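Structural overview for review
Each chain is listed here by its residues.
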Amino acid sequence: GQLRDYAPAAARGAARRECRCPRGPGRACHRRAPRRAARLGRRLGRAHPRSAEPTRRSAMATLLSAPAALALATFAPSAALAGESKANARLASLGLPPLANVNGYIQLAEFIGKSGPANIDGEKTRGFVLPSPLIVAFSYPQTWVTALPTTSSNGESGTVSAGNYIKGDSAAFVAAPANGAKSGSGLSKASLAYSVTCSATADVYQDVKVGKIVKREGAGDYVTFEYSYTLLTRAGFEVDRRGVGAATVVNDQLTGLITATTALRWKTESEKLMNLANSFAVYPVKKSAVSSESRAE
């Protein structure tokens, strides 16, 4: 407003109060000089030198806009998450195909079976008995957290899993007997039902039902299936749960990813579980490959 003849009196008064001219506030500076400078600036194609100086209003606008710009920079989706690049780099180092990019999902590729299952009391074990190490890969939602196998002098325990455990959503790798099946397409409903419950005691689950088995499209001989069961809690009440599983046969064992949520959340979460099942892949690896990576880390 300072460079225009029709600037309101209030603006001119504000300009006089903010004056930094050596001559000080006055009519000669704020009424005549800006007008002459504006006319000269239009002729020469440049603005009055004072127009480049920040005013109180422009400084406040800059400060107010900074948090919004920072928020956009902080919460904008990243083009490549660290977890994604690490997972596919690990698969590539083993000569295995990468996981597909799915918007809103993080890729995971982790070894399991690096040592024997942890022994509890000489008879029971905490872990899967695997003939050789495996690398388990899948993509999980960004809001989920992961839990990986732990290895100690007693052996390996746990599995490769991810979940939103507060909500009751989960996905976990399992290994179970294939009962003679040589491929994923040959797995029976009984074998798949057992894979749902093999990582827990029998009295925790009841009424396990496996739906239609579908051969998954794409590379590898994988099948997907929907299932349901009733969970018996220690508090004495029952929770109906549903899920999607993906399975194949590796080293004559059923290996799969079992995903689950509550029946109440099935309608909103079933698509996520299907994406998890469709991304699942598992491959046998040599112990030397696991050892070499451990040394590199």
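Residues numbered from 1 in each chain as written. Predicted model: local features only at pLDDT ≥ 70, side-chain atom pairs only at ≥ 80, totals over all residues. Heavy atoms only, no water.

Pairing geometry for strand 5 (residues 145–147) and strand 8 (residues 161–164), over 3 bridges, is antiparallel. If you follow Thr-146 over to strand 8, its bridge partner there is Ala-162. Note that strand 8 and strand 9 (residues 169–177) share 4 bridges and pair antiparallel. Bridging across to strand 9, Gly-163 finds its partner in Ser-170. Between strand 8 and strand 9, which pair antiparallel in sequence order, lie 4 residues; one of them, Gly-168, sits at a positive phi of approximately 90°. (Pairing = 2+ DSSP bridges. Helix = DSSP H or I, 4+ residues; strand = E, 2+ residues; numbered from the N terminus.)

In space, the 7 strands of this open sheet follow the order 5-8-9-13-12-11-10, with antiparallel pairing throughout. Looking at strand neighbours, the two that pair on one side only are strand 5 and strand 10 (205–215), the edges of this open sheet. On average, adjacent strands in this sheet sit at an angle of 25° to one another, irrespective of strand direction. In this structure, strand 12 (residues 238–250) lies alongside strand 13 (residues 253–262), joined through 10 bridges in antiparallel fashion. Note that in strand 13 the partner of Ala-246 across the bridge is Leu-257. Against the sheet, helix 6 (residues 266–279) makes contact with strand 9, strand 11 (223–232), strand 12 and strand 13, and its axis sits at roughly 15° relative to strand 12, the strand it touches most. (Axes fitted to C-alpha atoms, helices over the stretch in contact; angles between N-to-C directions. Contact = heavy atoms within 4.5 Å.)

Moving on, we come to the side chain of Glu-269. In this structure, Glu-269 sits in helix 6. Apart from residues no more than four positions distant in its own chain, Glu-269 is found in contact with Asp-169 and Thr-261.

In this structure, Phe-138, Phe-173 and Leu-187 are the most contacted members of the largest nonpolar core, which totals 46 residues. Excluding anything up to four places from it in sequence, Phe-138 contacts Leu-99, Ile-106, Gln-107, Leu-108, Val-160, Ser-161, Ala-162, Leu-257, Leu-276, Ser-279 and Phe-280. Counting 10 residues, the second-largest nonpolar core is a separate cluster that includes Leu-91, Phe-111, Val-285 and Val-290. (Core = buried A, V, L, I, M, F, W, Y, C linked by side-chain atoms within 4.5 Å. Buried < 20%, exposed > 50% of the residue type's maximum accessible area, 1.4 Å probe, protein only.)

One pass over the structure, following the stated rule, counts 7 salt bridges. With a shortest N-O distance of 3.4 Å, Arg-265 and Glu-269 are connected by a salt bridge. Glu-269 sits in the buried class, given a relative accessible area of 8%. When salt bridges that share partners are traced, they join Asp-169, Arg-265, Glu-269 and Lys-272 into one network. (Salt bridge = Lys/Arg side-chain N within 4 Å of Asp/Glu carboxyl O.)

Using the criterion set out here, one finds 2 cavities of 30 Å³ or more in the structure. Put simply, the second largest cavity is a space of about 30 Å³. The class makeup of the residues in the lining of the second largest cavity is 2 nonpolar, 5 polar and 1 charged. (1 Å grid on protein atoms, 1.4 Å probe; cavity = no way out; pocket = protein on both sides within 12 Å on 5 of 7 lines; lining within 4 Å. Points joined across faces, edges and corners; volume = space filled by probe spheres on them. Nonpolar A, V, L, I, M, F, W, Y, C, P; charged D, E, K, R; others polar.)

Moving on to the environment of Thr-197. Mapped onto the secondary structure, Thr-197 falls in helix 5 (residues 189–197). A C-alpha to C-alpha distance of 9.6 Å links Thr-197 and Ile-258, two positions 61 residues apart in sequence. In contact with Thr-197, other than residues within four places in its own chain, are Tyr-205 and Val-208.

Take the pairing of strand 4 (residues 134–141) next. Residues in a regular strand project their side chains so that they alternate between the two faces of the sheet. Of all 8 residues in strand 4, 8 are buried; the element is thus mostly enclosed. With 8 bridges connecting them, strand 1 (residues 105–112) and strand 4 associate as antiparallel partners. Note that in strand 4 the partner of Gln-107 across the bridge is Ser-139. Taken together, the 4 bridges between strand 4 and strand 14 (residues 281–284) define a ladder with antiparallel strand orientation. Bridge pairing in strand 14 places Ile-135 opposite Tyr-283.

Let us look at the packing of aromatic side chains. A full pass over the atoms with the stated rule returns 5 aromatic pairs. An angle of 85° between the planes, with centres 5.9 Å apart, marks the rings of Tyr-222 and Phe-280 as edge-to-face. Taken together, the residues Tyr-222 in the loop between strand 10 and strand 11 and Phe-280 in the loop between helix 6 and strand 14 connect sequence positions 58 residues apart. Each of the two residues, Tyr-222 as well as Phe-280, counts as buried. Ring centres of Phe-225 and Tyr-227 lie 6.1 Å apart, and the angle between their planes is 45°; this geometry places the pair in the tilted category. The exposure classification of Phe-225 matches that of Tyr-227, with both residues buried. (Phe/Tyr/Trp six-rings, centres within 6.5 Å; stacked < 30°, edge-to-face > 60°.)

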